[in-house]
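Descriptive analysis of the structure
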Amino acid sequence: MITKEGTCLGCRSVLRIDRSAVRHNVREIYRFSGKKIIAVVKSDAYGMGVRFVAPLLRELEEVEAFAVACTEEGVFLRELGIKEEILILGGVLPEEIEAVKEYGLTPVVSDPEHLKVIGKEDIKFHVNYDTGMGRLGFIEEIIEDPRITGIMSHLSSPADREFSTEQISRFSRIVSRYRGRGLKVHLESSAGLIYRVPFTTHVRVGLALYGERPLRDYPINLESAVSILTRLISVKEVPKGHPISYGRTFVAPEPMKIGVVAFGYADGLMKSLSNRGYLLYGSSRLPILGNITMDMTVVGLEGTRAKVGDWVTVVGKERTFGDLAREAGTIPYELMCNVSSRVKRELI
Ligand SMILES: *Cc1c(COP(=O)(O)O)cnc(C)c1O
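My aim in this report is to walk through the structure given alongside it, one point at a time. Fair warning: this is a prediction, and the values are worked out from it, not measured in the lab. (Residues numbered from 1 in each chain as written. Predicted model: local features only at pLDDT ≥ 70, side-chain atom pairs only at ≥ 80, totals over all residues. Heavy atoms only, no water.)

1. With respect to the layout of surface pockets
Approximately 1100 Å³ is the volume found for the largest pocket. Around the largest pocket, the lining comprises 42 residues; the ones closest to its centre are Ala-191, Leu-207, Pro-214, Ile-331 and Tyr-333. Residue assignment for the lining of the largest pocket shows that the elements contributing at least two residues are helix H2 (42-46), strand E9 (202-205), helix H8 (321-328) and helix H9 (332-337). Its residues assigned to classes, the lining of the largest pocket shows 21 nonpolar, 13 polar and eight charged. Lining the lining of the largest pocket are residues from two domains, each supplying at least three of them: domain 1 (19-210) and domain 2 (226-347). (1 Å grid on protein atoms, 1.4 Å probe; cavity = no way out; pocket = protein on both sides within 12 Å on 5 of 7 lines; lining within 4 Å. Points joined across faces, edges and corners; volume = space filled by probe spheres on them. Helix = DSSP H or I, 4+ residues; strand = E, 2+ residues; numbered from the N terminus. Nonpolar A, V, L, I, M, F, W, Y, C, P; charged D, E, K, R; others polar. Domains from an automatic or database assignment.)

Given below as structure tokens:
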């Protein structure tokens, strides 16, 4: 059953993805970098819902390819009808090689074992260089193989200009040894875009697609593309001295109007925001009172006319994942990936 707000019966929380904001961000990234985009949509498009995000991105001419973490995510993209190149950032394990062939996926090779798995198969692949990320990638070994169609590296500390510059020059030396083969070359993630690396052919971007700024001073004019709304399921007055939620970590200092929203840590609101963060009712800040629980969170409604059934903003234009992450002592990526499947996804 569809209600006026467009949500289905029983869905008390909704995550809305604004198509025009995503389009705007893709264009701005392209305008700034001058390079086609490999859209990183691993982990269900950072928890935003790859079923919605990937078909939207592939309509945009600035998006040339996709990247996911593992083979299974790549297969899922093909089943969604994605025809573009799909990079598997996390390499290839022996039991995955049949699917890689069948679905035409492009593994990123970061280890001699990945090369062995590929063996003599007719599979194109990219090679990853560890220029200072200290995770996946060859340090400097040059691979001679005609099936290579791209090479990549990844910055470990994009906010650190000195170290990133060093990584970029290391990668530059590696790239020069592959010169003349017409390979795709990619390094910049959302934060890395600030380096405008002259010798890469593509950028490999995830976070910025949603309008989240990866750095404090970010030169690209992004528009927030995601909002999460939830509903008030109860409103009441509590007397002075009344405890709130598990563990009674908050006690009303005076009589208070409180509300309960249908959004808890099972929906993705980190428990570390208990007694710290706030939600929004229109432009009014609703402080989170007491411990966040699995399905519900108590908020202060003092000074509002909020009533049962009203919508409360968890994330929106005025309040990004980045803002909430700062309060929770984490990064926007983690908060985004934590939004559970119970929160209904909608494209608007
Ligand atoms: C996740 C990831 C990206 C995308 O990073 P964003 O900061 O979201 O733009 C790029 N490259 C690699 C190797 C990644 O793992």
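Okay, back to it.
2. Side note on the pattern of salt bridges
In total, this model carries 21 salt bridges according to the counting rule given. Among the ionic pairs, Arg-16 bridges to Glu-346, the shortest N-O distance being 3.0 Å. Placement of Arg-16 in strand E1 (residues 13-17) and of Glu-346 in strand E18 (residues 344-347) is noted, with a sequence separation of 330 residues between them. For Arg-16, a relative accessible area of 16% translates into the label buried. Relative accessible area serves as the criterion here: at 9%, Glu-346 is assigned to the buried category. Between Glu-188 and Lys-35 there is a salt bridge, with its nearest N and O atoms 2.9 Å apart. With a gap of 153 residues between them, Glu-188 in the loop between strand E8 (184-186) and E9 and Lys-35 in the loop between helix H1 (19-33) and strand E2 (36-40) connect regions that are remote in the sequence. Across this residue pair, the class does not change: Glu-188 and Lys-35 are buried. If you follow the salt bridges from partner to partner, you end up with Glu-64, Glu-85, Lys-124 and Lys-184 in one network. (Salt bridge = Lys/Arg side-chain N within 4 Å of Asp/Glu carboxyl O. Buried < 20%, exposed > 50% of the residue type's maximum accessible area, 1.4 Å probe, protein only.)

3. Some remarks on the environment of Ile-37
Within the element layout of this structure, Ile-37 appears in strand E2. On the basis of relative accessible area, Ile-37 is assigned to the buried category, the value being 0%. Sequence-wise, Ile-37 and Val-343 are 306 residues apart; in three dimensions their C-alpha atoms are separated by 28 Å. The contact partners of Ile-37, leaving out residues within four places of it in the chain, are Val-26, Ile-29, Tyr-30, Glu-62, Val-63, Glu-64, Ala-65 and Val-203. (Contact = heavy atoms within 4.5 Å.)

4. What about the packing of aromatic side chains?
Enumeration according to the criterion identifies five aromatic pairs in this entry. A centroid spacing of 5.9 Å and a plane angle of 50° characterise the contact between Phe-171 and Phe-199, whose relative ring orientation is tilted. Residue Phe-171 is located in helix H7 (residues 161-176), and its partner Phe-199 is located in the loop between E8 and E9; the two are separated by 28 residues in the primary sequence. A residue is classified by how much of its surface remains accessible, and Phe-199, at 23% relative accessible area, is partly exposed. Grouped by ring-pair contacts, the aromatic residues Tyr-46, Tyr-210 and Tyr-333 constitute a single cluster. A cation over a ring is seen here: Arg-196 above Phe-32, with NZ or CZ 3.9 Å from the ring centre. (Phe/Tyr/Trp six-rings, centres within 6.5 Å; stacked < 30°, edge-to-face > 60°. Lys NZ or Arg CZ within 6 Å of the ring centre and 35° of its normal.)

5. Section: the site of the ligand
Contacts to the ligand come from 14 residues, most closely from Lys-42, Tyr-46, Ser-190, Leu-207 and Tyr-333. Here an oxygen atom of the ligand sits 2.7 Å away from a polar atom, N or O, in the side chain of Lys-42. In this structure, Tyr-46 approaches the ligand through a side-chain N or O atom, which is 2.5 Å from an oxygen atom. Relative to its free-state accessible area of 390 Å², the ligand is covered by the protein chains to the extent of 90%. When each cavity is represented as a set of grid points, the ligand is found to reside in the largest pocket. Those elements giving two or more residues to the shell around the ligand turn out to be H2 and E9. Class assignment of the residues belonging to the shell around the ligand gives a composition of seven nonpolar, four polar and three charged. (Near = heavy atom within 4 Å. Polar contact = N/O pair within 3.5 Å; in protein donor to acceptor, adjacent residues only side chain to side chain. Areas by Shrake-Rupley, 256 points an atom, 1.4 Å probe, with all protein chains shown as cover. Sits in = over half its atoms within 2 Å of the grid points.)

6. Details of the nonpolar core
Judged by nonpolar contacts, the single largest core of 103 residues is most densely connected at Met-48, Leu-57, Phe-66 and Tyr-129. Of the residues that make up this core, three or more belong to each of domain 1 (19-210) and domain 2 (226-347). Val-238, Met-256, Val-260 and Leu-289 belong to the second largest nonpolar core, which has nine residues in total. (Core = buried A, V, L, I, M, F, W, Y, C linked by side-chain atoms within 4.5 Å.)

7. Some words on empty space enclosed by the protein
This structure, assessed with the given rule, holds one cavity of 30 Å³ or more. As a volume, the largest cavity reaches approximately 60 Å³. Lining the largest cavity are Ile-228, Phe-263, Gly-268, Leu-269, Val-314, Val-315, Phe-321, Leu-324, Leu-335 and Val-339. Elements supplying a minimum of two residues to the lining of the largest cavity: strand E17 (311-315) and H8.

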